[in-house]
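Okay, here's what each chain looks like letter by letter:
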Amino acid sequence: MLDHEQVAIHTGRRSRLPVIVAVHSTALGPAAGGLRLWHYPDWRAGFTDALRLSAAMTSKFAVAGLPSGGGKAVVALPEGMELDADRRRDILRDVADAIASLSGAYATGPDVGTSPDDMAVIGETTPHVFCRPAHLGGSGDSSPHTAQGTLAALRAVSRRLYGTSSLGGRSLAVIGLGRVGAGLARLLAAEGAVLTVTDIDPDEQKISDGLGAVWRSPDEILAADVDIVVPAALGSVLTRQTAADLRCRAVVGPANNQLATPDVADLLHQRDIIWVPDYVASAGGVIDAVSTELHRVSADEARARVRAIEDTVDALLDTAQRHGQTPAQAASELARRRLSAAVRPTGSPTGSLRLRAAGPGDAENMALLHADSWRRHYRGAYSDAFLDGDVVADRRSVWSSRLSHASGSATVVAEDDTGLCRVRPRHLRRGRPLGQPRRQSARHPAPPKNGPRHRAAFPRRGGHRRAREGQRHVPVGARTEHGGPGVLPSPGRHLRRRSTGFAPRRRGVPARRLPRQAPLHLARRLAARVDQRTARHTDNPKEHAMNPDATTSVDHYDRLLAEHYTWMLGGDVHEVAARQAALLAELGLAGTDNDTAVDLGCGSGAQTLALIRLGFSPVIAVDTSRRLLDELISYVGDAEAVRPVHGDICTVLPEAAEPGTVAAVVCMGDTLPHLPSKADVPVLLGHINRALVPGGHFVITYRDLTAELRGTDRFIPVRSSDDRLLTCFLEYRDEDTVIVHDLLHTRTNGAWQQQASSYPKLRLASSWLVEQCRAAGLDVRHDAADSRGMRILHAVKP
Ligand SMILES: NC(=O)c1ccc[n+]([C@@H]2O[C@H](COP(=O)([O-])OP(=O)(O)OC[C@H]3O[C@@H](n4cnc5c(N)ncnc54)[C@H](O)[C@@H]3O)[C@@H](O)[C@H]2O)c1
Ligand SMILES: CC(C)[C@H](N)C(=O)O
């Protein structure tokens, strides 16, 4: 059965060639995907290719967490047909006509056989095109970003197989030295990988020679004795036969549709060969292009999304391992969940909207729409485990309770012929009739206020990022205060859609950017770049006004501290680990094999090693610094005992651990004050309580910086040795935050050099933290300062 939304097959008016445009799904947003101009034995083969490729694009966007749908265009050239410039132009104009006829349901970009210049021609007819050359306002060639994305996927696999993300010294076989393959081969060679390469075009052997690679024939290369095979040519390269011949440990490449049949993924798994689904490894190009051109995020943000493929692959491999699945199953499951959490395809409001006061009977539908809204807008900002978990039940209880208690306020819902529909609410002034919404928009239902769990569940920061990305916000209802009878409309009161101020989502319509009336502080916040997954970001513009050089703790570690971190602790991580193990043992922590522990902010591994010594296994070691994670891995003898996670401690737990499965969580060495705001502390504590088994332990060590130091006391010597000196200086910004300025002197060849970097830390009062732990449901057993002024707090889940 055809599971595509629409497939258009035109005979090109000018070229007389079959132009096939397949729109697989627009559930997540208007479809996007490349144009393939390729030779096929028959146009039906091109048609089949378009169907498969467009479906893969849907999965590509879903797994990447982007609000686009999947589509693809194929022009099936008869075998042997050569294209001169005029004929090529005719074909492209025919394609442009076909795309224009879809009114924005599909936008095209380059793929095999097409380039940014071709996109320029299509752009003469229709705006639904991306990757045009930069001088025409496009993002240009996607292939360097595709190569970067594949490299990111390769790093995750390398870490899994060899304990390091570096590909230096690894042997890889690259199949196809086209735009992506050649670029990727260059990146790999620059990192010191040992390359074997091939292409059907013998001319590409020059590239091979330039890289010092071994050239093999296309027939031989799949069976090459290498660590990783990288398909970078056309699809269907992995058949039952070739899968049986492989001698590598992984297959990770940018080529689309690598599997001849889906069961080959199982075969590879049985042979213990990791296969990263092509739609995950190849997503870099389209992520960059669509992010910058269609979703209008900054180039930096787009590149960060491409790099995040590494995290995506990490997470998929973890999930697959946890559930005994193949990575292909884990990825398709993730895509399916994201798609099914999207809108009902027929859910666009039709005709006029009716506004009415909601009653208790609306709770179920409100919950469904509310959960849908969260899933669509907080994806990526909040863990999938949470969003795909019991959100509906959670929202149902909130709405049941709200709607069954009469109060001075009412909830207004909008519905169309199909039932409750998704609206952009306006808060209404007291006493104002519903037909005249106030100008200022509340973009989401207010975060639930009843209880720490709900507060913890409400992802505050994500909404701003999503707003900045220009995504549609489609929350479900507006709370409105009303002054008495007669103000709310009677059931059935009709409003014309244009006049409501409610903005029903129209599929295929580009998102509005920022609300024009956004208050200044919101606009500033939206403008600030926030990498939700890794940057512990402070979004208070005051900080930047006062401290223009202050950076996030993530940047600070990358820029300065990570390199010197272990030295700062004393130089011998095992010695520090022994001290930490003694402390944890004194607090009563002891693990057995199968007792999972989590080390939040693991740094170079002192606590992780301590937890291993105490018998915990596995230890999930989380940090935002890749460099420190790599260092940690180098110290760990038993690689099985540790699961390094590159992630943000604010959000990682629901994703990394099932509720009620963790025996101990530690967050030591003054990591907690790195959180972006005090409000993140109860959120994190909620996650911790949820992750712990009853009787599970939680240990924090941190500095209580609430007492303000004065004068030269604010200069704190951290460590000195013959060639390094680290001093920090504290600048108190406000009662919640202190800016830490680190000043590092290093001596090379007798000359001293100075580096400085600053970042904010939270000022957490020990009494406040104890209260927060209790509010989160933890039983605080110990709270004291050690001889060096570090606070030690130990709590247990009852
Ligand atoms: N360009 C992108 O940004 C991008 C993005 C995502 C996925 N992809 C996929 O990556 C693959 C490569 O794309 P590209 O843009 O580099 O295309 P390209 O046309 O520039 O390169 C393909 C190369 O593969 C070679 N080739 C074809 N069949 C071969 C075979 N049997 N054995 C060895 N070599 C063979 C060709 O000679 C050519 O050099 C395609 O599957 C494409 O769909 C590309
Ligand atoms: C650039 C993009 C559309 C690419 N051809 C892909 O398949 O992802």
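These lines cover the structure that appears in this document, whether it is placed above or below. The structure displayed is predicted, hence computed values, not measured ones.

## Section: the site of ligand 2
- The immediate surroundings of ligand 2 are formed by Gly 33, Gly 34, Met 57, Lys 60, Lys 72, Pro 110, Asp 111, Ser 142, Asn 256 and Val 286.
- One of the side-chain N or O atoms of Lys 60 is found 2.6 Å from an oxygen atom in ligand 2.
- Measuring from a nitrogen atom of ligand 2, one finds a side-chain N or O atom of Asp 111 at 2.7 Å.
- Coverage of ligand 2 by the protein chains reaches 94% of its 260 Å² of free accessible surface.
- Counting only elements with at least two residues in the shell around ligand 2, the list comes to strand S3 (31-40) and helix H1 (43-64).
- By residue class, the composition of the shell around ligand 2 is three nonpolar, four polar and three charged.

## Notes on helix H9 (residues 263-270)
- Those residues of H9 not exposed but buried are Val 264, Ala 265, Leu 267 and Leu 268. In a view along the axis of H9, the buried residues occupy a sector of 160 degrees, so they form one face of it.
- Considering only its buried residues, H9 is in contact with helix H8 (240-245), strand S11 (274-275) and helix H14 (327-340).
- The positive-phi residue at the C-terminal boundary of H9 is Asp 272, with phi of around 65 degrees.

## So, the environment of Thr 608
- Residue position: Thr 608 is located in helix H25 (residues 606-613).
- C-alpha of Thr 608 to C-alpha of Pro 644: the two residues are 36 residues apart in sequence and 9.8 Å apart in space.
- If we ignore the near neighbours within four places in the chain, the residues touching Thr 608 are Asp 599, Cys 602, Val 619, Ala 621, Leu 632 and Val 642.

## Structural notes on the packing of helix H2 (residues 85-100) against helix H3 (residues 116-123)
- With their axes 8 Å apart at the nearest point, H2 and H3 run at an angle of 55 degrees to one another. By the angle between their directions, the pair H2 and H3 is classed as oblique. Of the two elements, H2 crosses H3, and the hand of that crossing is right-handed. Residues Arg 88, Arg 89, Leu 92, Arg 93, Val 95, Ala 96 and Ile 99 of H2 form the contact with H3, whose participating residues are Asp 118, Val 121 and Ile 122.

About the thresholds
Residues numbered from 1 in each chain as written. Chains lettered and ligands numbered in written order. Predicted model: local features only at pLDDT ≥ 70, side-chain atom pairs only at ≥ 80, totals over all residues. Heavy atoms only, no water. Near = heavy atom within 4 Å. Polar contact = N/O pair within 3.5 Å; in protein donor to acceptor, adjacent residues only side chain to side chain. Areas by Shrake-Rupley, 256 points an atom, 1.4 Å probe, with all protein chains shown as cover. Helix = DSSP H or I, 4+ residues; strand = E, 2+ residues; numbered from the N terminus. Nonpolar A, V, L, I, M, F, W, Y, C, P; charged D, E, K, R; others polar. Buried < 20%, exposed > 50% of the residue type's maximum accessible area, 1.4 Å probe, protein only. Arc of directions from axis to C-beta. Contact = heavy atoms within 4.5 Å. Axes fitted to C-alpha atoms, helices over the stretch in contact; angles between N-to-C directions. Parallel < 35°, antiparallel > 145°, perpendicular 65-115°, else oblique. Left-handed = near helix turned anticlockwise from the far one by under 90°.

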